[in-house]
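Commentary on secondary and tertiary structure
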Amino acid sequence: MCGIVGFTGARAAAPVLLGGLERLEYRGYDSAGIAVFHDGAIQVEKVSGRIARLREKTEDGALTPGSAGIGHTRWATHGAPTDLNAHPHLSNDGRFAVVHNGIIENYLELRKELIRDGYVFQSETDTETIVHLLEKYYDGDIKTAVMKTAARLEGSYALGIVCTDTPDALYVVREASPLILGVGVEENYFASDVTALVSHTKNVIYLDDGEFAKLTPDSIKVFDCTGCEVKKPVSRVTWSVEAAEKGGYEHFMLKEIMEQPAAVKAALTPRIHDGRVQLDGFELSAEELGGVSKIIITACGSAYYAGCSGRYAIEHLCRVPVQVELASELRYADPMVDEHTLVLVISQSGETADTIAALRECKARGAKVIGIVNVVGSTIAKLSDHVLYTFAGPEIAVATTKGFTTQLTVLYLFALYLAEKLGRIDADSYAALVKELQHLPRRIQQTIDMNWQLPKLASRYASHSLFFIGRNTDYAVALEGALKMKEISYLHAESYAAGELKHGTIALIEENQPVIAVCCNEALMDKTLSNIVEVKARGAKVLALSCKGNKKIVSQADDVIFIPRVETVFSAALAVVPLQLLAYYAAKEKGCDIDKPKNLAKFCAKGHKTRLIRSPTRLWRYKTLS
Ligand code: BG6
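A quick note: this is a predicted structure, and the numbers were derived from the prediction, not measured.

1. Quick look at unusual backbone geometry
Note that the residue after His 87, namely Pro 88, is joined by a cis bond; omega there is -5°. Positioned with a positive phi, Glu 59 is a non-glycine residue whose angle comes to about 50°. The topology assignment puts Glu 59 in the loop between α2 (51-57) and β4 (68-74). Even without being glycine, Phe 391 reaches a positive phi, approximately 55°. Among the structural elements, Phe 391 can be located in the loop between β22 (386-389) and α13 (402-421).

If you want it as structure tokens, here you go:
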């Protein structure tokens, strides 16, 4: 995943590009570059490493004057993160410069063809083929050159292009990678994400796949893949500039953890009216629901764990079978999905390649898809039949926090909505649970306030590999807690369903082994307590997480983290918060790069677009789509 940005206007482009890239750094941070049009030529500056190095090299942009340009921050896929492999890439004749987010799957054959044609490559990237194709197809008409180039590309791309023949113009085209245009006053912009735009403009245009646009300081023209001009609506971004900045916190992750009460409130408030849950502009009719035989939840990473937790809420309240599937598995699983399956696709970014592929697979088999997504206008939002936005606001830290709790919140709302529609819940319980849900933001705040001792506990427990255990909803929390710890502190952390420990893993428990026991599910409290006793008997050091007032746990565990008392069905939204903080403080103590952990990016756009087809032998096989 990479970030791209572009600016054209009357003022200097480089400072705008550098500022935009800094906001996009979460999308990739191993190298960066800008290309600015100046004095009849395109000046390119690029470096391996962070944007700060690019700032230094260009003296905050002063060495790259000019008022139109493009920029890129990279997360290497093809070729090491070196200066040469950094974007922008220049055509051999110096006429075009290109920045690219995505992956060109057929780049090897294109590269061979272009080398045969006499083009000289400077880098190992897939992107460089694009800029040479532009040169090859250019005969004075840029739109045609871009369209011919795009027609040759297989894979995903959002491209930003500048050309010396049109000094104040930027060209963009997208296919399966995010791209947003910013509409300013006598200046215009593009970026991979609105976070790079909000300090300049809140008026944006979301490009669709296959669309191409030309931006000059005073106009934006958008064309469809046949070259016909299309009128695009201008949307208003509601995120504030502050929401996309650190606001005094040392890290975005900490800021985003602290924002959870507000984010959960934002997800709840517009959907509860007069004590009833309403979905966003759509209804599932009793007829539609009557035909649903099962629900599949699919997602990757933390979003998958939100799904694991949501499953308990939906099954408990609605009595409908729910399967939770990793999108990276489901897409290749020849899944048992048909028009009687309701699919919930969860994704913070809305751009995770495996999740998109799983969604397409389910839709192709006739399922109705509801996307639970944070980023407005993202691919998953567009492909879903209905969307429930999580309203978490921009999430910059790579490790998700408020993205996760708002996904849980939407799942809880959905479970209550469905339970009522299906007539599986009585009026009193429904009213009580809706009320309880409305208390969540306050209780999350209390959870944060109660746990001031977490930095100390982090240094006591995060010393070597950790086990996280729990049952039922607590197990889903344990899974997410362990993932957070791994992602940002690089400590080995495993999660187990507490009852499974004795079937093998207990062999690893020895003197001083840290075990984090999630124990918020009242009904299963004694069961998990017995697992705590088992590991303690083998020397483990136990940090338990439980609801306030649980005296039994105090006598068994070495240390206890409390959350306020809450209905078990919603407890994950509170219980996960101290575990996010535990991981945060463990990573901080180790001096890790918390917002940008090594080897990770905010979402994973790698992967081929495939479709399941029936082969002549009647066995299913996968075909890579062009
Ligand atoms: C991974 C991230 O690449 O994608 C995880 O490192 C994230 O933190 C996962 O949970 C899924 O992302 P999304 O955007 O689909 O929720």
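That was the structure; now back to the text.
2. Focus: the nonpolar core
Among the nonpolar cores identified, the biggest contains 128 residues, and Ile 295, Ile 314, Phe 414, Leu 416 and Met 485 are the most heavily contacted of them. At 14 residues, the largest contribution of residues to this core is made by helix α20 (residues 572-590). Setting aside residues no more than four positions away along its own chain, Phe 414 makes contact with Leu 279, Leu 284, Ile 295, Ile 314, Leu 342, Leu 344, Ile 370 and Leu 388. If you look at the next biggest cluster of nonpolar residues, it comprises 28 residues, including Ile 104, Tyr 138, Ala 150 and Ile 161.

3. Re helix α1 (residues 13-24)
Along its 12 residues, α1 runs 16 Å from first to last C-alpha, staying within 8% of the 16 Å computed at 1.5 Å per residue. The element α1 is largely enclosed, with a buried count of nine among its 12 residues. Within α1, the full set of buried residues consists of Ala 13, Ala 14, Val 16, Leu 17, Leu 18, Gly 20, Leu 21, Arg 23 and Leu 24. For α1, the elements touching its buried residues are β1 (3-8), β2 (31-38), α2, β4 and β10 (188-191).

4. Focus: the sheet that holds strand β18 (residues 294-299)
In a beta sheet, neighbouring strands are held together by backbone hydrogen bonds and run either parallel or antiparallel to one another. If you trace the five strands from one edge of the open sheet to the other, you get β19-β18-β20-β21-β22, paired in parallel fashion. In this open sheet, the two strands that pair with only one neighbour each are β19 (322-326) and β22. When the angles between neighbouring strand axes are averaged without regard to direction, this sheet yields 20°. Where helix α9 (residues 301-318) meets the sheet, its contacts fall on β18, β19 and β20 (341-347), and the angle it forms with β19 comes to roughly 175°. α13 contacts β18, β20, β21 (368-373) and β22 of the sheet and is inclined by roughly 160° relative to β20.

5. Side note on the packing of helix α16 (residues 454-461) against α20
Two elements in contact, α16 and α20, have axes whose closest approach is 8 Å; the angle formed by their N-to-C orientations is 65°. Accordingly, the angle class assigned to the pair α16 and α20 is roughly perpendicular. Crossing angle aside, the handedness with which α16 passes α20 is right-handed. Contacts from Leu 454, Pro 455, Leu 457, Ala 458 and Ser 459 in α16 reach Pro 578, Leu 581, Leu 582, Tyr 585, Ala 586 and Glu 589 in α20. In the contact of α16 with α20, the residues fall into nine nonpolar, one polar and one charged.

6. So, the environment of Thr 505
Structurally, the position occupied by Thr 505 is in the loop between β24 (493-497) and β25 (514-519). The exposure class of Thr 505 is buried, given its relative accessible area of 10%. Expressed as a C-alpha distance, the spacing of Thr 505 and Glu 494, which sit 11 residues apart in the sequence, is 10.0 Å. In this structure Thr 505 touches Phe 467 and Tyr 496, once residues within four positions along its chain are discounted.

7. Considerations on the packing of α9 against α13
Two quantities define a packed helix pair, namely the angle between the axes and the distance from one axis to the other. Two elements in contact, α9 and α13, have axes separated by 9 Å at closest approach and are oriented at 20°. Judged by the inter-axis angle, α9 sits roughly parallel to α13. For the pair α9 and α13, the sense of crossing is right-handed. Between α9 and α13, the contacting residues are Ser 302, Ala 303, Tyr 305, Ala 306, Gly 307, Ser 309, Gly 310, Ala 313, Ile 314, Leu 317 and Cys 318 on the first element and Phe 404, Gln 407, Leu 408, Leu 411, Tyr 412, Phe 414, Ala 415, Leu 416, Leu 418 and Ala 419 on the second. Here the residues of the contact of α9 with α13 sort into 16 nonpolar, five polar and no charged.

8. So, the sheet that holds strand β14 (residues 229-230)
Spatially, the seven strands line up as an open sheet ordered β5-β6-β7-β8-β12-β13-β14, and their pairing is antiparallel. Where the open sheet ends on each side, the last strands, each with one partner, are β5 (89-90) and β14. With two bridges joining them, strand β13 (residues 219-223) and β14 adopt antiparallel strand pairing. Residue pairing for β14: Phe 223 is matched across the bridge by Glu 229. Its contacts with the sheet put helix α4 (residues 128-137) on β5, β6 (96-104) and β7 (155-163), and the angle it makes with β6 is roughly 130°. Along the sheet, helix α5 (residues 142-152) contacts β7, β8 (170-175), β12 (212-216) and β13; its crossing angle with β7, the most-contacted strand, is approximately 160°.

What counts, and at which threshold
Residues numbered from 1 in each chain as written. Predicted model: local features only at pLDDT ≥ 70, side-chain atom pairs only at ≥ 80, totals over all residues. Heavy atoms only, no water. Helix = DSSP H or I, 4+ residues; strand = E, 2+ residues; numbered from the N terminus. Core = buried A, V, L, I, M, F, W, Y, C linked by side-chain atoms within 4.5 Å. Buried < 20%, exposed > 50% of the residue type's maximum accessible area, 1.4 Å probe, protein only. Contact = heavy atoms within 4.5 Å. Expected span 1.5 Å × (residues − 1). Pairing = 2+ DSSP bridges. Axes fitted to C-alpha atoms, helices over the stretch in contact; angles between N-to-C directions. Parallel < 35°, antiparallel > 145°, perpendicular 65-115°, else oblique. Left-handed = near helix turned anticlockwise from the far one by under 90°. Nonpolar A, V, L, I, M, F, W, Y, C, P; charged D, E, K, R; others polar.

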